[in-house]
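What follows is the residue order along each chain.
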Amino acid sequence: MNLIKWINFQSHEDYRGQLVSLEIGRERTVPFDVKRVYYIHKTGPDVSRGFHAHKNLKQIVTCVAGNCRMVLDNGKSRQSVKINDPTKGLLIESMVWREMHDFSNDCILIILASDHYDESDYIRDYHQFVEQVCQ
Ligand code: TYD
C-alpha cells in the first residue's frame, strides 16, 4: 500500500516568480474542509518532530522553503519521502504515524488540518498506535 499521496496544487509561474493556489470549495484541491493552518520553521538537521498519529485528523503538509524528510507508517509498512516542492502537498490520512527528520535550516512547512487542535485526537505512543491500527 502506497502511503505517499501527493496533491498537485495550482501553480502559476512566470518571469515574476511562482504563485501557488490551494482552493477549497467548488474546485477542490484540498479534499477536506480546512479548520486550522499551522507552520513549522526554525528547525534544523539535528532535530526530529512528529512521532504521533491522529485518530481522526487529516492533514496536508507542504514545504514552501528548504526541505525535510517525512516518514509515514500505517503499522504494517513504513515509507520515507523528501518534501521540497511548494507546488505539492503530502496528504496524511488519519491513523498514520508520522515523523519528520533531516530538516534543512531554511525549512518551512505549512500544514493544513481538517480540524481544530485537540490533544485527545493524538496517539503519541508507537506501540499503542500499532495495537490500535492493527485491531
Ligand atoms: P507537537 O505535537 O509536539 O509538534 P510536532 O508534531 O511538530 O512534533 O506540538 C508542539 C506544541 O504545540 C505542543 O505543545 C502542542 C502545540 N500545538 C498547538 O497548540 N496547536 C497546534 O495546532 C499544534 C499542531 C500544536
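Residues numbered from 1 in each chain as written. Predicted model: local features only at pLDDT ≥ 70, side-chain atom pairs only at ≥ 80, totals over all residues.

J.: Describe the sheet that holds strand β9 (residues 88-92), naming the residues involved and giving the relevant values.
T.: Pairing in this open sheet of five strands is antiparallel, and the strands run β1-β9-β6-β11-β4 from one edge to the other. Of all strands in the sheet, those bounded by a partner on one side alone are β1 (5-8) and β4 (36-40). Across the sheet, the mean angle from the axis of one strand to that of its neighbour is 30 degrees, orientation sign disregarded. Strand direction decides the pairing type here: β4 and strand β11 (residues 108-113), joined by five bridges, are antiparallel. Opposite R36, over in β11, you have A113 as the bridge partner. (Pairing = 2+ DSSP bridges. Helix = DSSP H or I, 4+ residues; strand = E, 2+ residues; numbered from the N terminus. Axes fitted to C-alpha atoms, helices over the stretch in contact; angles between N-to-C directions.)

J.: Mind laying out the pairing of strand β8 (residues 78-83), listing which residues take part and the relevant values?
T.: Taken together, the six bridges between strand β7 (residues 68-73) and β8 define a ladder with antiparallel strand orientation. Directly across from R69, in β8, lies its bridge partner K82. Connecting the antiparallel pair β7 and β8 is a turn made up of four residues, with G75 showing a positive phi of about 90 degrees.

J.: Describe the sheet that holds strand β10 (residues 97-101), and please don't skip the residues or the numbers.
T.: If you trace the five strands from one edge of the open sheet to the other, you get β8-β7-β10-β5-β12, paired in antiparallel fashion. Edge strands, defined here as strands with exactly one partner in the open sheet, are β8 and β12 (122-123).

J.: Explain the pairing of β9 residue by residue, including any values.
T.: Pairing analysis gives four bridges linking β1 to β9, with the strands arranged antiparallel. Bridge pairing links I7 to G89 in β9. The pairing of strand β6 (residues 59-65) with β9 spans three bridges and is antiparallel. For Q59, the partnering residue across the bridge sits in β9 and is I92.

J.: If you had to explain the site of the ligand to someone new, which residues and values would you point to?
T.: Around the ligand, the structure places R36, Y38, I40, R49, G50 and Y117. Taken together, the elements giving at least two residues each to the shell around the ligand come down to β4 and β5 (49-54). Here the shell around the ligand takes three residues from β4, the largest share from any one element. Of the residues assigned to the shell around the ligand, the class counts are three nonpolar, one polar and two charged. (Near = placed C-beta within 6 Å. Nonpolar A, V, L, I, M, F, W, Y, C, P; charged D, E, K, R; others polar.)

J.: I'd like to hear about the nonpolar core, residue by residue, with values.
T.: If you look at the biggest cluster of nonpolar residues, it comprises 17 residues, and the most contacted ones within it are V61, C68, M70, I83 and L90. For this core, the elements supplying multiple residues, two or more each, are β6, β7, β9 and β11. Other than its neighbours up to four places away in sequence, I83 contacts V61, C63, N67, C68, M70 and L90. (Core = buried A, V, L, I, M, F, W, Y, C linked by C-beta atoms within 7 Å. Buried ≥ 20, exposed ≤ 12 C-beta atoms within 10 Å, placed from the backbone. Contact = placed C-beta atoms within 7 Å.)

J.: Could you give an account of the environment of Y38, naming the residues involved and the relevant values?
T.: Tracing the sequence through the fold places Y38 in strand β4. The exposure class of Y38 is exposed, given the 11 C-beta atoms found within 10 Å. Through-space distance from the C-alpha of Y38 to that of L109 is 8.4 Å; in sequence the pair is 71 residues apart.

Keep in mind these values describe shape, not function.
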